[in-house]
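What the coordinates show
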Amino acid sequence: MQFAIHPQIHSYITFADFEQAHCIGPRDLILTQRFLLETFFDQTSAQTLLYDDYCDGEPTDSAVDDMLIEVRSRDFDRLIAIGGGSILDCAKVLALDSNDTVASLFDPAVQPSRKVELILAPTTCGTGCEVTCVSVLDFSAIGSKIGKGFNSGFADHAVLIDEFLSRIPYQVFANSSADALVHALEIYLAPKANAYTDVFCLTAVRAILKGYLRIVQFGPDVIQEDARSYLAASNMAGIALANVLAGGVHAIAMHFGSEHHVPHGEATRLFLPPVFKTYYDKAPTGKIAGIAQLIEEVLGPCSSGGTPFDELDELLAKVVPTRRLSEYGMHAEDASRYADKVIETQQRLLVNNYQPLSKADIVQIYSQLM
């Protein structure tokens, strides 16, 4: 067993507090979005690079190649990424000491060192990638998302700033926090989970579910009140993810998200309930029983004839509503082909399943959501 927390973790109320504490200046390059720059730190003295100039959605390998050209022309000492998971994932690649293209960098045998200090500050509460070494990009040529862990991809500092959740659009919050929930649930069940990841995962699940209940009771305005709790829960799930990879929910979501251009958090939220119901049907007395117990402790006893995962599904439907797969453009006859693609491209995740998912299982999961 191994367990590590790599970046130093900092927490601040505002960007100004962070800027002062870390002496941000002209030798720093901030990778961010235009909206974030204009809203929170338009007076910064740091250099800036705008993600919007290269991507209008989740990052592709070709877009990051274009960013690499620009970054390699700049002179700076620290790369500071401020944004959602896509921006933080890009920064891990942009900070590498290499002149290779993204395709070359994602070769499993390639592990460059890092050329500058890296600081990652999330503006959502989901991916937890401020504390992981993995970058996930959409490779257009193969029609799927691929993730790779870089040994030097861990940031030097992970910075949690409460203020950044003050302007987060509700759907972005909902999708990102659901992704944190998926991380914690999947990693708790992973074969390589351990006593340390269990603590981080269960704490994160409890915090997110309690927060969701508050949203149902009081409305979305409580999100800002609970900002620090959500950021910490996401970060804890990310720490678990840095030590143990996620599993089947992410594997299925990766391909579906790439095929239909669905944001990552939304895709993982879609497949969480049917995958976990499948697991529960296969092995209800195994480790998943601990998750079932926690759900009942927070949400209350399940209704007659139902399971705790039905109760979880109902709560998610209130807080993180989604659509049927057909509304995204998927057809029933696509299920077999999609399942084959998942099995072909996502083995690094599928090996972490709580229970094996056969092609028939994956097809059935798609069919439940059509």
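Now for a quick tour of the structure. (Residues numbered from 1 in each chain as written. Predicted model: local features only at pLDDT ≥ 70, side-chain atom pairs only at ≥ 80, totals over all residues. Heavy atoms only, no water.)

**So, the overall build of the protein chain**
Each helix and strand counted, the protein chain has 16 helices and eight strands in total. Its C-alpha atoms give the protein chain a radius of gyration of 20 Å, near enough to 21 Å, the size a compact globule of 370 residues would have. Residues counted as buried form 57% of the 370 residues belonging to the protein chain. Contacts in the protein chain between residues far apart in sequence, at least 24 positions, make up 75% of those at least 6 positions apart. Just so you have it, the protein chain exposes about 14700 Å², and 50% of that area is on carbon and sulfur atoms. Each charge sign in the protein chain was given a centre, from 27 positive and 46 negative side chains, and these centres are 3 Å apart. (Helix = DSSP H or I, 4+ residues; strand = E, 2+ residues; numbered from the N terminus. Rg over C-alpha atoms; globule rule 2.2 N^0.38 Å. Buried < 20%, exposed > 50% of the residue type's maximum accessible area, 1.4 Å probe, protein only. Contact = heavy atoms within 4.5 Å. Areas by Shrake-Rupley, 256 points an atom, 1.4 Å probe, with all protein chains shown as cover. Lys, Arg positive; Asp, Glu negative; His and termini not counted. Charge placed at Lys NZ, Arg CZ, Asp CG, Glu CD.)

**Comments concerning the packing of helix H3 (residues 61-71) against helix H4 (residues 85-94)**
Any two packed helices are characterised by how steeply their axes cross, that is the angle between the axes, and by the distance between the axes. Remark: H3 packs on H4, axes separated minimally by 10 Å, with the N-to-C direction vectors making an angle of 55°. As far as their axial angle goes, H4 and H3 are oblique. As for the relative orientation of H3 and H4, their crossing is right-handed in sense. Contact residues: H3 offers Val64, Met67, Leu68 and Val71, while H4 offers Cys90, Val93 and Leu94. (Axes fitted to C-alpha atoms, helices over the stretch in contact; angles between N-to-C directions. Parallel < 35°, antiparallel > 145°, perpendicular 65-115°, else oblique. Left-handed = near helix turned anticlockwise from the far one by under 90°.)

**Topic: the state of the cysteines**
Summed over the entire model, instances satisfying the criterion amount to zero disulfides. Not engaged in a disulfide, the cysteine cysteine 201 finds its nearest cysteine sulfur in cysteine 129; these two sulfurs lie 16 Å apart. (Disulfide = S-S within 2.5 Å.)

All we've got here are geometric facts, nothing functional implied.
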